[in-house]
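What follows is the residue order along each chain.
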Amino acid sequence: MKGNEALAEAAMRAGCKCFFGYPITPQTELAAYMAKRMNKNGGVFLQAESEIAAINMVLGAASTGVRAMTSSSSPGISLKSEGISYIAGSDLPCVIINVERGGPGLGGIQPSQADYWQATKGLAHGDFHLLVYAPASVQEMVDMVIKAFDKADTYRMPAMILADGLLGQMMEPVTFPEIEQKTHDKSSWAANGHKGQREHHIINSLYLTPEELERTVVERFAKYDTIKQTETDAELYMTEDADILVCAFGATARVVKSAVNEAREMGIKAGMFRPKTVWPFPVNELQEASKNASQILSVEMSMGQMIDDIKLALNCSKPVEFFGRTGGVIPTPAEVLAKIKAMGGNK
Amino acid sequence: MAVVFERPKSLCDVPLHYCPGCTHGIVHRLVAEVMDEMGIEGDTVGVCPVGCSVMAYNYFGCDMIEAPHGRAPAVATGVKRSNPDKFVFTYQGDGDLAAIGTAETVHAATRGENIVVIFINNTIYGMTGGQMAPTTRPGQVTQTTPFGRNPELAGYPVRVSEMLSTLTGVALAQRVAVDSVAHIREAKKAIRKAFENQKEKKGFSIVEVLSTCPTNWGLTPTDALKRLREEMIPYYPLGVYKDSVAGGND
């Protein structure tokens with residue numbers, strides 16, 4: 001199944017009732033898949049007039065307590081950022097898909113990971129975070145969409161799937177797991193008509209009293225602290241004795257894994273650390289994976305963004321090098337291997 | 001003692017923050033009276049975006065959502081599409097609806113979203129202190145048109161009801177005013193009709209309400225009403241621009 005279509009199918013199986021989107025390459029198959037099935041299945045598919053309208057339709061649907069999603073690619077996510085900030089400030093759950101392409105500006109339509117900073121640090125104005133999952137296969141896209149809906153509801157916050165054009169366009173076999181439909185009780189906040197049986201509910205992110213606004217932000221950050229303790233996830237590959245630890249997320253990790261295998265065949269003790277959640281960043285997992293490493297290498301489809309989180313997680317205690325291609329260029333295993341060899345790892 | 005006048009049930013018992021003489025209070029009351037008369041407060045979700053009425057979520061008794069600037073019709077679309085059995089209305093000012101939110105307004109209208117839009121046209125940005133709005137009349141002095149709006153520099157005003165009346169998805173486009181008792185009664189009838197349209201799934205209904213902003217116009221409340229009557233109504237004529245139920249132009 002194609003990655004973009006698998007994202008759509010997984011969302012429907014996860015109970016997504018509303019999808020609002022706008023065409024942009026390379027994620028358009030997702031919306032096309034939804035258009036064929038969503039309304040027939042009793043859900044809502046609507047093509048919005050803009051990315052801005054699409055995210056605000058998500059805001060409206062999520063306010064009433066239904067599971068809602070939008071998807072886009074890099075320039076479109078920038079347009080959605082205003083709405084995402086309001087959604088975060090109003091404590092609404094939803095899922096946002098970013099099938100990244102090269103930037104800045106209109107950039108290109110080939111795969112990229114240059115929205116890492118945007119997704120994990122500066123998506124829009126104000127103090128807030130999203131849960132951000134970084135899949136590396138079509139199967140993981142399925143699993144992570146299902147998880148993202150569940151966690152978004154659990155924590156009442158937006159969750160993002162940070163994929164890229166490579167994963168979106170890739171065909172791989174997938175299995176759809178049996179989904180245990182957890183019920184999230186939204187009756188204490190959803191704005192769907194009070195029927196004269198309760199106080200009116202208000203979905204809002206405006207607080208004109210500074211102390212009151214501060215309190216809401218501090219409460220949200222207490223929630224983020226819990227998430228940092230409980231929701232990190234990472235893959236550790238041949239890290240136990242690794243002298244050179246190569247860090248990569250998403251599709252890039254597949255390239256890196258090939259390079260690590262080749263390095264091992266040459267006798268270089270290489271290993272791979274792959275964060276599956278990029279916010280929260282798996283700090284403890286990285287510390288564990290790098291315990292025997294003398295050098296770290298970050299490989300990204302960008303000029304180097306995740307490398308900042310690696311340095312912070314390790315408190316700059318070890319040298320961290322970088323190799324990346326950007327603009328839609330995908331690094332090859334040979335390029336990564338050459339970089340590992342150049343670092344002169346211990347045999 | 002007989003009660004002859006009281007607060008509509010659909011308005012909360014809280015002080016409003018609006019300036020003295022501002023007509024938002026009148027329009028809030030009309031919307032609430034219609035909700036009361038139709039008995040729909042418990043089945044209604046209101047959407048108020050950025051502007052003077054951003055805090056209307058504290059005033060209307062139904063469930064409320066505060067939307068980003070200009071985005072109320074998109075938010076309302078999300079609410080209505082996921083809850084087609086609920087009543088959904090937006091309450092938007094002219095800067096919100098006719099400038100930053102033009103795309104959301106026009107497209108919700110042309111899709112025929114089955115929602116009600118209450119559009120407050122007072123020809124000025126009130127909340128930010130009186131700047132030029134898309135509806136500011138030629139010659140009108142505002143903070144950002146200190147010598148009067150010069151169309152050669154600042155372009156011409158937009159007549160929203162006329163513009164939207166050309167769209168197939170629009171069930172009702174009507175302009176009313178709240179400067180006199182007679183006009184207020186007309187305004188309430190239009191708002192009631194808009195909500196009835198939604199009940200009967202007729203599509204998009206917009207009621208444009210010519211309103212005053214005494215503070216930013218620099219006028220007393222009575223002089224502001226006089227200006228509404230003598231300067232605004234000639235430029236923005238009252239009337240039904242489209243009524244598909246009564247046999248409109250589609």
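Undergrad: I'd like a rundown of the overall build of chain A, residues and numbers included.
TA: The number of helices and strands found in chain A is twelve helices and 13 strands. Taking 2.2 N^0.38 as the reference for a compact globule, 347 residues should give roughly 20 Å; the C-alpha atoms of chain A span a radius of gyration of 20 Å, in line with that estimate. Principal-axis analysis of the C-alpha atoms places the extent of chain A at approximately 75 × 45 × 40 Å. Counting every position in chain A, which comprises 347 residues, the buried fraction comes to 56%. Once local pairs closer than 6 in sequence are excluded, the contacts in chain A between residues at least 24 apart make up 78%.

Undergrad: An account of the overall build of chain B is requested, with residue identities and associated values reported.
TA: In terms of helices and strands, chain B carries nine helices and nine strands. Taken over the C-alpha trace, chain B has a radius of gyration of 17 Å; the compact-globule value for 250 residues is 18 Å, and the two agree within 12%. With the C-alpha coordinates aligned to their principal axes, the bounding extent of chain B is approximately 50 × 50 × 30 Å. Here chain B, with 250 residues, has 56% of them falling under the buried criterion. Sequence-distant contacts, at least 24 apart, represent 66% of the contacts inside chain B between residues at least 6 apart.

Undergrad: Give me the packing of helix α3 (residues 51–63) of chain A against helix α4 (residues 74–89) of chain A: which residues, what numbers.
TA: Residue and element names in this part refer to chain A. At a closest axis distance of 8 Å, the pairing of α3 and α4 adopts a crossing angle of 25°. Overall, the two elements α3 and α4 adopt an arrangement that is roughly parallel. By crossing handedness, the relation of α3 to α4 is classed as right-handed. Contacts from Glu51, Ile52, Ile55, Asn56, Leu59 and Ala62 of α3 reach α4 at Gly76, Leu79, Lys80, Glu82, Gly83, Ile84, Tyr86 and Ile87.

Undergrad: An account of the interface of chain B and chain A is needed here, citing residue identities and associated values.
TA: The interface of chain B with chain A comprises 28 residues on the first partner and 36 residues on the second. Elements supplying a minimum of two residues to the side of chain B that touches chain A: β1 (44–49), β2 (63–67), α2 (72–82) and α4 (102–110) of chain B. With eight residues, the single largest contributor to the side of chain B that touches chain A is α2(B). Residues that form the side of chain B that touches chain A fall into these classes: 13 nonpolar, eight polar and seven charged. Bridge analysis of strand β7 (residues 202–203) of chain A against β2(B) gives two bridges, and the strand direction is parallel. Bridging from a neighbouring strand, A:Ile203 pairs with B:Ile65 of β2(B).

Undergrad: Outline unusual backbone geometry, supporting the account with residue identities and numerical values.
TA: All names here are of chain A. Omega for the bond connecting Thr25 with Pro26 falls within 30 degrees of zero, at 5°, which places this linkage in the cis form. For the peptide bond that leads from Trp279 to Pro280, omega is 5°, which places it in the cis range. The residue Pro280 is located in the loop between β11 (277–279) and α10 (283–289) in this model. Despite not being glycine, Met238 has its phi angle at roughly 50°, a positive value. Secondary-structure assignment places Met238 in the loop between β8 (234–237) and β9 (244–247). The exposure class assigned to Met238 is partly exposed, which follows from the 18 C-beta atoms found within 10 Å.

Undergrad: Would you mind going over helix α7 (residues 181–199) of chain B in detail, with residue names and values included?
TA: Residues and elements named next belong to chain B. End to end, α7 covers 27 Å across 19 residues, agreeing with the expected 27 Å (1.5 Å per residue, within 8%). When α7 is considered as a whole, its buried residues turn out to be Ala187, Lys188, Ala190, Ile191, Lys193, Ala194, Phe195, Asn197 and Gln198. Elements that come into contact with the buried residues of α7 comprise α1 (24–38), β3 (87–93), β4 (116–121), β7 (170–177) and β8 (204–210). Two residues or fewer past α7, Lys201 is found with a positive phi of approximately 55°.

Undergrad: Now, about the sheet that holds β9(A): what can you tell me, with residues and values included?
TA: Residue and element names in this part refer to chain A. The sheet built from five strands is open, its strands ordered β8-β10-β9-β12-β13 with mixed pairing. Looking at the sheet topology across the chains shown, the edges are occupied by β8 and β13 (320–324). Put simply, the sheet's adjacent strands are angled 20° from each other on average, direction ignored. Of the pairings in the sheet, the one linking β8 to strand β10 (residues 270–275) comprises four bridges and is antiparallel in character. The residue of β10 that forms the bridge with Ala234 is Pro275. Packed on one face of the sheet, helix α11 (residues 306–313) meets β9, β12 (295–300) and β13 and runs near 155° to β12.

Conventions used here
- Residues numbered from 1 in each chain as written.
- Chains lettered and ligands numbered in written order.
- Predicted model: local features only at pLDDT ≥ 70, side-chain atom pairs only at ≥ 80, totals over all residues.
- Helix = DSSP H or I, 4+ residues; strand = E, 2+ residues; numbered from the N terminus.
- Rg over C-alpha atoms; globule rule 2.2 N^0.38 Å.
- Buried ≥ 20, exposed ≤ 12 C-beta atoms within 10 Å, placed from the backbone.
- Contact = placed C-beta atoms within 7 Å.
- Axes fitted to C-alpha atoms, helices over the stretch in contact; angles between N-to-C directions.
- Parallel < 35°, antiparallel > 145°, perpendicular 65-115°, else oblique.
- Left-handed = near helix turned anticlockwise from the far one by under 90°.
- Nonpolar A, V, L, I, M, F, W, Y, C, P; charged D, E, K, R; others polar.
- Pairing = 2+ DSSP bridges.
- Expected span 1.5 Å × (residues − 1).

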